[in-house]
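Spelled out from the first residue to the last, the chains are:
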Amino acid sequence: MRFRVYYEDTDCGRIIYHANYLKYCERARSEIFFANELSPYDQQGFFVVQSLQAQFFAPGKLGDTLEVLTRLKELKRVSVILEQEVLRVAPQSARLFCMQVKLGFISQATHTPTPISAPFITLLKSLI
């Protein structure tokens, strides 16, 4: 997913506010589903963030063009680990942020862990 950094994304120094990197990654995950005519939830369940580990490398700034890359690291019966990177693609290339996020799949009915739906497994495997 590619997008531009707007004023609303930045702090008073025109640097991307740190929490927005998590939002960018969340949007990128949602866009993966939408691009494949799916929603991030179905009748069986939905994904929730169980844990994440984040690392910041360089600041993004107002007006930068960014890209979020998402890769599958591990797929289990009721959870998935994704690696997501935020890269600056213009004006000058740089790796800004990286995180690993573990998502659990939760039942709509019981709000307890449940096996990931088959269409989601197919989609997630395509992220290798």
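Structural notes, computed from the coordinates.

Another aspect to go through is the overall build of the protein chain. Helix and strand counts for the protein chain stand at 2 helices and 5 strands. Its helices and strands in sequence order give the protein chain the pattern β-α-β-β-β-β-α, from N to C terminus. Counting only C-alpha atoms and orienting by the principal axes, one finds that the protein chain spans roughly 45 × 25 × 25 Å. Here the analysis covers contacts within the protein chain between residues at least 6 apart in sequence; of these, 64% occur between residues at least 24 apart. Split by element, the accessible area of the protein chain, about 7,600 Å² in all, is 52% carbon and sulfur. Considering the protein chain, the positive charge centre built from 15 side chains and the negative charge centre built from 12 side chains are found 5 Å apart.

It is worth spelling out the sheet that holds strand β1 (residues 2-4) at this point. Overall, antiparallel pairing links the 5 strands, which are arranged β1-β3-β4-β5-β2 in an open sheet. Either end of the sheet is taken by a strand with one partner, and the two such strands are β1 and β2 (45-56). If you compare each strand with its neighbour and ignore which way they point, the axes differ by 30° on average. One ladder, built from 3 bridges, connects β1 with strand β3 (residues 65-75); its direction is antiparallel. When the bridges of β3 are listed, Arg2 appears paired with Glu67. Those strands touched by helix α1 (residues 20-35) are β1, β2, β3, β4 (79-90) and β5 (94-107), and its axis lies near 60° from that of β5. On top of the sheet, helix α2 (residues 118-125) reaches β2, β3, β4 and β5; it is set at about 115° to β3, its chief contact.

Within the secondary structure, Ala94 sits in strand β5. Leaving out residues up to four positions away in the same chain, Ala94 has contacts with Val86, Leu87 and Arg88.

Time to look at the nonpolar core. Tyr24, Phe47, Leu66, Leu82 and Val86 are the most contacted members of the largest nonpolar core, which totals 27 residues. Looking at this core, the elements that each hand over two or more residues are α1, β3, β4, β5 and α2. In this structure, Leu82 is in contact with Arg29, Thr70, Arg71, Leu72, Lys73, Met99, Gln100, Val101, Leu103, Leu124 and Leu127, ignoring residues within four places of it in sequence.

Below, the discussion takes up the side chain of Thr70. Checked against the element boundaries, Thr70 lands in strand β3. A polar atom in the side chain of Thr70 sits 3.0 Å from the side chain of Gln84. Leave out the neighbours within four places in its chain, and Thr70 touches Ala28, Ile32, Leu82, Glu83, Gln84 and Leu127.

We now examine the side chain of Ser117. Position of Ser117 among the secondary structure elements: in the loop between β5 and α2. Side chain to side chain, Ser117 and Gln44 meet in a polar contact 3.0 Å long. When sequence neighbours within four positions are dropped, the list of residues in contact with Ser117 reads Asp42, Gln44 and Phe105.

Reading the values: rules and limits
Residues numbered from 1 in each chain as written. Predicted model: local features only at pLDDT ≥ 70, side-chain atom pairs only at ≥ 80, totals over all residues. Heavy atoms only, no water. Helix = DSSP H or I, 4+ residues; strand = E, 2+ residues; numbered from the N terminus. Contact = heavy atoms within 4.5 Å. Areas by Shrake-Rupley, 256 points an atom, 1.4 Å probe, with all protein chains shown as cover. Lys, Arg positive; Asp, Glu negative; His and termini not counted. Charge placed at Lys NZ, Arg CZ, Asp CG, Glu CD. Pairing = 2+ DSSP bridges. Axes fitted to C-alpha atoms, helices over the stretch in contact; angles between N-to-C directions. Core = buried A, V, L, I, M, F, W, Y, C linked by side-chain atoms within 4.5 Å. Buried < 20%, exposed > 50% of the residue type's maximum accessible area, 1.4 Å probe, protein only. Polar contact = N/O pair within 3.5 Å; in protein donor to acceptor, adjacent residues only side chain to side chain.

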